[in-house]
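# Topology and contacts: notes
Residues per chain, in single letters:
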Amino acid sequence: MKFTAEHRQIEDTVVKFCDKELNPFVPEWEKAGQFPAHEVFKKLGNLGLLGLKYPEEYGGAALDFSYSMVMAEALGQCNCGGVPMAIGVHTDMATPALARFGSDELRREWLTPTIAGDVVACLGVSEPGGGSDVAAVKTTARSDGGDYVINGTKMWITNGMQADWCCLLANTSDGPAHKNKSLIVVPMDAPGITRQKIHKIGMHSSDTAQLFFDNVRVPKRNLIGQEGLGFTFQMLQFQEERLWGAAGSLRSLDRLIDQTIEYTRQRQAFGKSILDNQVVHYRLAELRTEVEALRALTYRAVEMYVSGKDVTKLASMAKLKCGRLSREVTDACLQYWGGMGFTADNPISQAYRDSRLISIGGGADEVMLGIICKLEGTLPGKAK
């Protein structure tokens, strides 16, 4: 991966934004269970950070995905996981299909204000009975004249309580599960939509909602691309989501190791610092090596993605490794903080709570393993 001066400028801008506009308020937002998305996103929009990879005619910077990766990694400067996750949903999870396949009219109506930070976006895929199993989605969007009439429930929706629009995956026909789904832009102020806040063990500053759709009418012009291709479009969105997630963990993991080194160097037990114990400094060296290995995997996957190659396997590997390594690093570091690591306002304990979601959201570890095995030709009944 070759980084330009523009890459470094974006990194520097995002790090400074985290230090000035996010970190001073994280404790307040964590207690409130929500951050002011419209206020924060507007500031990001003013800096030109919400549309790095999107066309200039809609307010974007027309850069490639490597710049989004740099932004994701730099957001690891934030002292919580919830806000960077919410930003990533807005920039790289709810909007890729709209930007790539939406009509010009639809993009001007929804992508342009999203890039400007004037509206907040969310992604509606998961449901109470189907999270990682996207083909099992039950929400329907039935044709009625010039409208779709939507009925169903969406679960675990990041930004769901504050979002102005939802990129919704719904069944638009009774055909095969992989060919009967479509992505639809749904205004969240449409009659028939209700929202219910979900309380979580981590990611507290990111609002998460269950969404209910009761005969919600949406004009058919809000269809993204072609009807019946929603499953395919969503699989493409997942690639950027998973690469964003992997990149977003790197700086955060490095910071946790740095903080643990500093703390264990100062903390004394049995006449010497905790860090002086070989089991501690060796373990931290192992963890640092693992972070660098994940960075190399992520950078390679992004470089290939930017060049137009299919990175489904590498993105799945990066997502799998990211979730597992985040659990490993936070657990090991918390142990070395001792009792202080078990206090609620400790940076390590917060990362411990927040990072547990990574192995579940955006495709569980087991789903990533299934994808990798399918592409390796090692699933039963799948010839290589």
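Read on for a plain summary of the structure. Counting restarts for each chain, with residues numbered from 1 along the sequence as it is written. Note on the predicted model: pLDDT of at least 70 is required for a residue's local features to be given, and 80 or more for side-chain atom pairs to be given and counted; whole-chain, interface and lining totals, by contrast, use all residues. Excluded from the side-chain calculation are hydrogens and water; included are all heavy atoms of the structure.

### Some words on empty space enclosed by the protein
Convention followed: Lining residues are defined by having an atom within 4 Å of a point belonging to a cavity or pocket. Those points lie on a 1 Å grid over the protein atoms alone, cavities being sets where a 1.4 Å probe fits but cannot get out and pockets being open sets with protein on both sides within 12 Å along at least five of seven lines. Grid points are joined across faces, edges and corners, and a volume is the space filled by probe spheres set on the points. Secondary structure follows DSSP: runs of H or I at least 4 residues long count as helices, runs of E at least 2 residues long count as strands, and numbering of each begins at the N terminus. Under the grouping applied here, Gly and all other residues not named as nonpolar or charged are polar, the nonpolar ones being Ala, Val, Leu, Ile, Met, Phe, Trp, Tyr, Cys and Pro and the charged ones Asp, Glu, Lys and Arg.
Applying the stated criterion to the full structure yields one cavity of 30 Å³ or more. Counted as a void, the largest cavity has a volume near 40 Å³. Leu-49, Leu-50, Gly-51, Leu-52, Lys-53, Tyr-54, Ser-68, Met-71, Thr-91 and Asp-92 are the residues that line the largest cavity. Breaking the lining of the largest cavity down by element, the ones donating at least two residues are α4 (65-74) and α5 (82-92). Class assignment for the residues of the lining of the largest cavity results in five nonpolar, three polar and two charged.

### Digging into the packing of helix α8 (residues 230-266) against helix α9 (residues 278-306)
Stated precisely, the cut-off is as follows: Lines fitted to the C-alpha atoms define the axes, with helices restricted to the stretch that makes contact. Angles between their N-to-C directions range from 0 to 180 degrees. Here roughly perpendicular refers to angles of 65 to 115 degrees, roughly parallel to angles under 35, roughly antiparallel to angles over 145, and oblique to all remaining angles. Handedness of each helix crossing follows the sense of rotation of the near helix against the far helix: counterclockwise by less than a right angle gives left-handed, clockwise gives right-handed.
Look at α8 against α9: their axes get within 10 Å of each other, and the N-to-C directions meet at 160 degrees. Taken together, the axis directions place α8 and α9 in an arrangement best described as roughly antiparallel. Seen from above, α8 lies across α9 with left-handed handedness. Among the residues making up the contact of α8 with α9, the classes are represented as 15 nonpolar, four polar and seven charged.

### Observations concerning the side chain of Lys-319
Our working rule: Throughout, exposure labels follow a simple rule: accessible area from a 1.4 Å probe, protein chains only, divided by the maximum for the residue type, with under 20% read as buried, over 50% as exposed, and the rest as partly exposed. Charge assignment in this entry is limited to Lys and Arg as positive and Asp and Glu as negative, and neither His nor the chain termini are counted. We define a salt bridge as a side-chain nitrogen of Lys or Arg found within 4 Å of a carboxyl oxygen belonging to Asp or Glu. Think of a polar contact as two N or O atoms within 3.5 Å of one another; within protein, one of them needs to be a possible hydrogen donor and the other a possible acceptor, and neighboring residues in sequence only count if both atoms come from side chains. The contact definition used throughout considers only heavy atoms, calling two residues in contact when any of these lie within 4.5 Å.
As for its placement among the helices and strands, Lys-319 is situated in helix α10 (residues 312-337). Lacking a salt bridge, the buried Lys-319 has Asp-365 as its closest oppositely charged neighbour, with an N-O distance of 4.8 Å. Of note is the side chain of Lys-319, whose polar atom sits 2.6 Å from the backbone oxygen of Ile-358. Beyond its immediate sequence surroundings of up to four residues, Lys-319 is in contact with Arg-242, Ile-358, Ser-359, Gly-361, Gly-362, Gly-363 and Met-368.

### Focus on the packing of aromatic side chains
Note the following rule: Pairing of aromatic rings covers Phe, Tyr and the six-membered ring of Trp, with a centre-to-centre limit of 6.5 Å; geometry is then stacked below 30 degrees between planes, edge-to-face above 60, and tilted otherwise. Ring-over charges, as used throughout, are those where CZ of Arg or NZ of Lys falls within 6 Å of the ring centre and within 35 degrees of the ring normal.
Inspection of every chain in the model, using the stated rule, returns eight aromatic pairs. On the numbers, 5.4 Å between centres and 70 degrees between planes, the contact of Phe-3 with Tyr-299 is edge-to-face. Of the two residues, Phe-3 sits in the segment before α1 (5-22) while Tyr-299 sits in helix α9, which places them 296 residues apart along the sequence. Exposure remark for Tyr-299: the relative accessible area of 17% places this residue in the buried category. For the pair Tyr-263 and Trp-337, a centre-to-centre distance of 4.1 Å together with 0 degrees between the ring planes defines the contact as stacked. Of this pair, Tyr-263 sits in helix α8 while Trp-337 sits in helix α10, and the two are 74 residues apart along the sequence. Trp-337 carries the same exposure label as Tyr-263, and that label is buried. Directly above the ring of Phe-3 sits Arg-8, whose terminal nitrogen or CZ lies 4.6 Å from the centroid. Looking at Lys-220, its charged tip hangs above the ring of Tyr-148, at a distance of 5.8 Å from the centre.

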